[in-house]
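Fold and geometry: a report
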Amino acid sequence: MIEKITDNSDENTFHQLTSQSATLVMPLFQRRYVWSKRELERMFDEIRSVVEQETASRFLGAVIAVRRVTNPSQPDPYEIVDGQQRLTTLYLILLAAAQLAAKEGKIDYAKGLIGTNLYVDWAQEVPYNTKLAPSIEDRPQFRAIFQEVIKTGDLETALSHRIKLPLGGQDASGPLTRQFKNIKSLLSKGLRDDGFEYVEKLVDAARNGLTFVFILLKDPGSATTVFEGLNDPGKPISVGDLVKNEVFARKGYDAEDAQHLHDTKWTPFFEKFGDKFNDYFFPYAVVLKSNTSKTDMFRNLREAWVGLESGQVIEHLDVYSGPFLALTGNKTELAKYPIKLRRAMENLHRANNPSSALPFQMRLLNHFGENSISLDETVAILELLEAFFVRRALCGVEPTGLLGMFRTMWSNMDGHPTVEKVANVILNRQTVEWPSDTRLEEQICQRPMYSSSIARFAIFEYDRSFGADQGNFDDFTIEHVLPQALTPDWENKFPKGVHGKVKDIWANLIPLTADMNGSILQDVYENKRSIFQQDSMFASSRDFAKRYDDWTPEALETRSRRLFQWASTRWPKP
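Sequence positions are assigned chain by chain, starting from 1 and proceeding in written order. This being a predicted model, a pLDDT of at least 70 is required before a residue's local features are given, and a value of 80 or more before pairs of side-chain atoms are given or counted; all residues contribute to the totals for chains, interfaces and linings. To get the side-chain values, take all heavy atoms of the structure and skip hydrogens and water.

1. A word on the overall build of the protein chain
When you go through the protein chain residue by residue, the secondary structure sums to 29 helices and 8 strands. For the radius of gyration, the atom set is restricted to C-alpha positions; the globular benchmark scales as 2.2 Å times the number of residues to the power 0.38. Relative to its length of 574 residues, the protein chain is extended, with a C-alpha radius of gyration of 33 Å against a globular reference of 25 Å. The 574 residues of the protein chain split such that 52% are buried. Contacts in the protein chain between residues at least 24 apart in sequence constitute 73% of all its contacts with a sequence separation of at least 6. Methods summary: accessible areas were calculated by the Shrake-Rupley approach with a probe of 1.4 Å, and residue burial reflects only the protein chains presented. When the accessible area of the protein chain is evaluated, it comes to approximately 26,100 Å², of which 46% is carbon and sulfur surface. A run of H or I in DSSP becomes a helix once it reaches four residues, and a run of E becomes a strand once it reaches two; helices and strands are each numbered from the N terminus. For each residue, the accessible area found with a 1.4 Å probe, counting protein chains only, is set against the maximum for its type, and the residue is called buried under 20%, exposed over 50%, and partly exposed in between. The criterion used for residue contact is that any of the two residues' heavy atoms lie within 4.5 Å.

2. Things to note about the layout of surface pockets
Of the pockets and cavities examined, the second largest pocket occupies roughly 620 Å³. Both cavities and pockets are sets of points on a 1 Å grid over the protein atoms alone; in a cavity a 1.4 Å probe fits but cannot get out, in a pocket the set is open with protein on both sides within 12 Å along at least five of seven lines, and lining residues sit with an atom within 4 Å of a point. What lines the second largest pocket is a set of 30 residues, and nearest its centre among them are Arg-68, Val-69, Glu-79, Ala-249 and Arg-250. Sorting the residues of the lining of the second largest pocket by element identifies strand S2 (22–25), strand S3 (58–67), strand S4 (76–82), helix H10 (239–249) and helix H13 (297–304) as the ones contributing at least two each. A per-element tally of the lining of the second largest pocket places H10 first, with 5 residues. Broken down by class, the residue content of the lining of the second largest pocket amounts to 15 nonpolar, 5 polar and 10 charged. Grid points are joined across faces, edges and corners, and a volume is the space filled by probe spheres set on the points. Residues were grouped as follows: Ala, Val, Leu, Ile, Met, Phe, Trp, Tyr, Cys and Pro as nonpolar; Asp, Glu, Lys and Arg as charged; and all remaining residues, including Gly, as polar.

3. Points about the sheet that holds S2
When DSSP finds at least two bridges between two strands, those strands are taken to pair. In space, the 6 strands of this open sheet follow the order S1-S6-S3-S4-S2-S5, with mixed pairing throughout. Looking at strand neighbours, the two that pair on one side only are strand S1 (11–13) and strand S5 (132–133), the edges of this open sheet. Note that S2 and S4 share 4 bridges and pair parallel. For Val-25, the partnering residue across the bridge sits in S4 and is Glu-79.

4. Observations regarding helix H29 (residues 553–570)
Every helix has an expected span of 1.5 Å times one less than the residues it contains. For H29, with 18 residues, the first-to-last C-alpha span of 25 Å sits near the 26 Å given by 1.5 Å per residue. Within H29 the residues assigned to the buried category are Ala-555, Leu-556, Arg-559, Ser-560, Leu-563, Phe-564, Trp-566, Ala-567 and Ser-568. Considering only its buried residues, H29 is in contact with helix H19 (375–394), helix H22 (437–446), helix H23 (455–464), helix H25 (496–502), strand S8 (509–512) and helix H28 (539–547).

5. Brief notes about helix H8 (residues 196–208)
An ideal rise of 1.5 Å per residue puts 18 Å on 13 residues; H8 measures up with 18 Å between its terminal C-alpha atoms. Along H8, the residues that are buried comprise Phe-196, Tyr-198, Val-199, Leu-202, Val-203, Ala-205, Ala-206 and Arg-207.

6. With respect to unusual backbone geometry
A negative phi holds for most residues other than glycine; trans holds for most peptide bonds. Backbone geometry places Asn-352, a non-glycine residue, at a positive phi of 60°. Relative to the helices and strands, Asn-352 resides in the loop between helix H17 (339–350) and helix H18 (358–369). Taking relative accessible area as the criterion, Asn-352 reaches 42% and is therefore assigned partly exposed.

7. A word on the environment of Met-413
In this fold, Met-413 is placed in the loop between helix H20 (402–412) and helix H21 (419–427). Taking the relative accessible area as the measure of exposure, Met-413 reaches 2% and is therefore buried. Sequence spacing of Met-413 and Val-425 is 12 residues, and the spatial spacing of their C-alpha atoms is 8.6 Å. With near-sequence residues (within four places) excluded, Met-413 lies in contact with Phe-360, Thr-418, Lys-421, Val-422 and Val-425.

8. Quick look at the state of the cysteines
In this description, the term disulfide denotes a pair of cysteine sulfurs within 2.5 Å. Inspection of every chain in the model, using the stated rule, returns 0 disulfides. Considering cysteine sulfurs only, Cys-395 is the nearest to Cys-445, which forms no disulfide, with 11 Å between them. Judged by relative accessible area, which is 17%, Cys-445 ranks as buried.

9. Brief notes about the pattern of salt bridges
We define a salt bridge as a contact between a side-chain nitrogen of Lys or Arg and a carboxyl oxygen of Asp or Glu at a distance within 4 Å. Enumeration according to the criterion identifies 26 salt bridges in this entry. Here Asp-138 ties to Arg-32 by a salt bridge, and the two come within 3.4 Å at their closest N and O atoms. A residue pair is termed long-range when its members are at least 10 positions apart, and Asp-138 in the loop between S5 and helix H5 (139–150) and Arg-32 in the loop between S2 and helix H2 (37–51) qualify at 106 residues. Assessed through its relative accessible area of 1%, Asp-138 is described here as buried. Residue Glu-148 is joined to Lys-184 by a salt bridge in which the shortest nitrogen-to-oxygen separation is 2.7 Å. In this pair, Glu-148 is assigned in helix H5 and Lys-184 in helix H7 (residues 175–194), connecting sequence segments 36 residues apart.

10. Looking at the side chain of Lys-528
Along the chain, Lys-528 falls in helix H27 (residues 525–535). Distance and chemistry together define a polar contact, namely a pair of N or O atoms within 3.5 Å, with one atom able to donate a hydrogen and the other to accept it when in protein, and with adjacent residues in sequence counting only for side-chain atoms on both sides. At 2.9 Å, the side chain of Lys-528 forms a polar contact with the backbone oxygen of His-480.

11. Thoughts on the confidence of the model for the protein chain
The share of residues in the protein chain with pLDDT of 70 or more is 94%, and the mean pLDDT across the chain is 90. Counting interchain partners and residues more than four positions distant, the pLDDT-below-50 stretch residues 228–233 has 5 contacts. How sure the predictor is of each residue is captured by pLDDT, a score from 0 to 100.

12. Details of the environment of Ala-65
For Ala-65, the position within the fold is in strand S3. Sequence-wise, Ala-65 and Arg-86 are 21 residues apart; in three dimensions their C-alpha atoms are separated by 13 Å.

13. Thoughts on the side chain of Ser-356
Positionally, Ser-356 belongs in the loop between H17 and H18. Once you skip the residues sitting within four places of it in the chain, Ser-356 turns out to touch Leu-402, Leu-403 and Phe-406.

14. Here's the deal with the packing of H2 against helix H3 (residues 84–103)
Interhelical geometry of H2 versus H3 gives an angle of 70° and a closest axis separation of 11 Å. The orientation of H2 relative to H3 falls into the category roughly perpendicular. The chirality of how H2 crosses H3 is right-handed. Where H2 approaches H3, its residues Leu-40, Met-43, Phe-44 and Ile-47 are matched on the opposing element by Arg-86, Thr-89, Leu-90 and Ile-93. Each axis is a line fitted through C-alpha atoms, and for a helix only the stretch in contact is used; angles between axes span 0 to 180 degrees, taken between their N-to-C directions. Any angle between 65 and 115 degrees counts as roughly perpendicular, while under 35 counts as roughly parallel, over 145 as roughly antiparallel, and the rest as oblique. Helix crossings get a hand from a simple test, with the near helix turned counterclockwise from the far one by less than a right angle marking a left-handed crossing and a clockwise turn marking a right-handed one.

15. Quick look at empty space enclosed by the protein
Throughout the structure, instances matching the rule amount to 3 cavities of 30 Å³ or more. Each pocket or cavity is described by its volume, and for the largest cavity that value is around 50 Å³. Lining of the largest cavity is provided by Leu-394, Gln-443, Ile-444, Arg-447, Met-449 and Trp-506. Considered class by class, the residues forming the lining of the largest cavity number 4 nonpolar, 1 polar and 1 charged.

16. Thoughts on the packing of aromatic side chains
Aromatic rings from Phe, Tyr and Trp, taking only the six-membered ring of Trp, are treated as a pair when their centres fall within 6.5 Å; an angle between ring planes under 30 degrees marks them as stacked, one over 60 as edge-to-face, and anything in between as tilted. Enumeration over the complete set of coordinates arrives at 36 aromatic pairs. Judged by centre distance (5.4 Å) and plane angle (50°), the ring pair of Phe-388 and Phe-389 falls under tilted. Across the pair, Phe-389 and Phe-388 agree in class, each one buried. Here the aromatic cluster, defined as three or more aromatic residues joined through ring pairs, consists of Phe-248, Trp-266, Phe-269, Phe-270, Phe-273, Phe-277, Tyr-280, Phe-281, Tyr-284 and Phe-324. A ring is considered to have a charge above it if a Lys NZ or an Arg CZ atom is located within 6 Å of its centre and within 35 degrees of its normal. Over the ring of Phe-282 we find Lys-294; its NZ or CZ atom is 5.4 Å from the centre of that ring.

Printed below as a string of structure tokens:
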């Protein structure tokens, strides 16, 4: 009987786990085996410490799995959510030991290892019956390794049932093959130095002396929560990983069909997201069920996919991908929309459209795509939301309460949104502020804007109001007319106490190219003004120089009022 490290009844050894009629299945498209000789040596140190009786057992942490539904006549498949590297390494150790035993003529020992821990001998009506099935990239290596082992000595003849190996993948070289060679080298050294009896002790320690807590999840959606709670140093599990595993788990044993689905449907779906892949699932889940939380998001997604096959799940996922990507600035998706709508979405994105609004906006665009709402109404609603978000940003209002409002906005309008209905939903939400003109004027005149997320968009839009070309939103820097660092020349106009209060407010900020900004820095206003007027490519900067002969606290206050008048019209409150 093993000596447990914990009081957990689910603390198991590799032998306890693999002596059952079950298979340890790595999700088909999980990352491949990556352990190097360094991690192997560390595991062998643990094994040797048990052999040399430094300790009765060594604890390897937790293994997280999900039991997938299968035919009662087939082995129970445990899909491994976390533990791939450790379990695969232990499996390879036993496989290498079986080959070494066969070479030494110890066929019964080799047969016992394989029959007890490495395959389910009675499972002959399934595509594979090995007790471990690697991810699809590792399967060619796994097959080559196993075929090499069973052809050693008289082992293949001695096995009473056929070993069926998992199919899939193409490359038969890689980390799995290299690690198997490393393991054989370590076991062979033990054989040379201390005889086969020592090899048996190493194998027994690997099977029975290394323990881990086997966590079997009732719901795959719990994987992220459990993983984070373990403080595991491995790669975190994302909701995207869970979705991918769920899609391909529905393919069961059919690796060839899964590979085709992966190449023709999943990869095009995945690649179009770029770095926003994991950001998509929460707003998508809220569209499907408005009260979804991030904790129960994956559980709710699985409920929405009940009865769907793998390809149908991907099609279901794809319905809102175009609107999501367009709203988050994807140029390919934006180009698919009429120019008026495209510009409305670009403005929202540049104004740092809050993610809490995405579920409503995605549904809106989806209905526009289905011709359920007109182009003009769709644009008007997005422009209204832009005005609401920009006013809040200019006033420094925190996004508290927005998610709750946007979760129910669609249902509050019975699925038939209009600009008036959207405005009413917001205005009637007592916990959500839509700043008044009075508050907007106060904040534009007093609040530092330079470091805020809205600064670039506000300055860019003001420049465009002079009839300038669309321009490149990313191709300008923000110039402080009154420099950030106070010089003696500027201190005559703006004493220290005044300088600190006004240097970062909107009125003191104009757009310039990076080269021009760097060339003038703390120069006096007379010199700056000449450069603004003659050389700046930005219409608002040329207007600034034309309008203000000198830059003083009085001129700054005058410009603040002017900016308020413009902003209150550009982003009106109903």
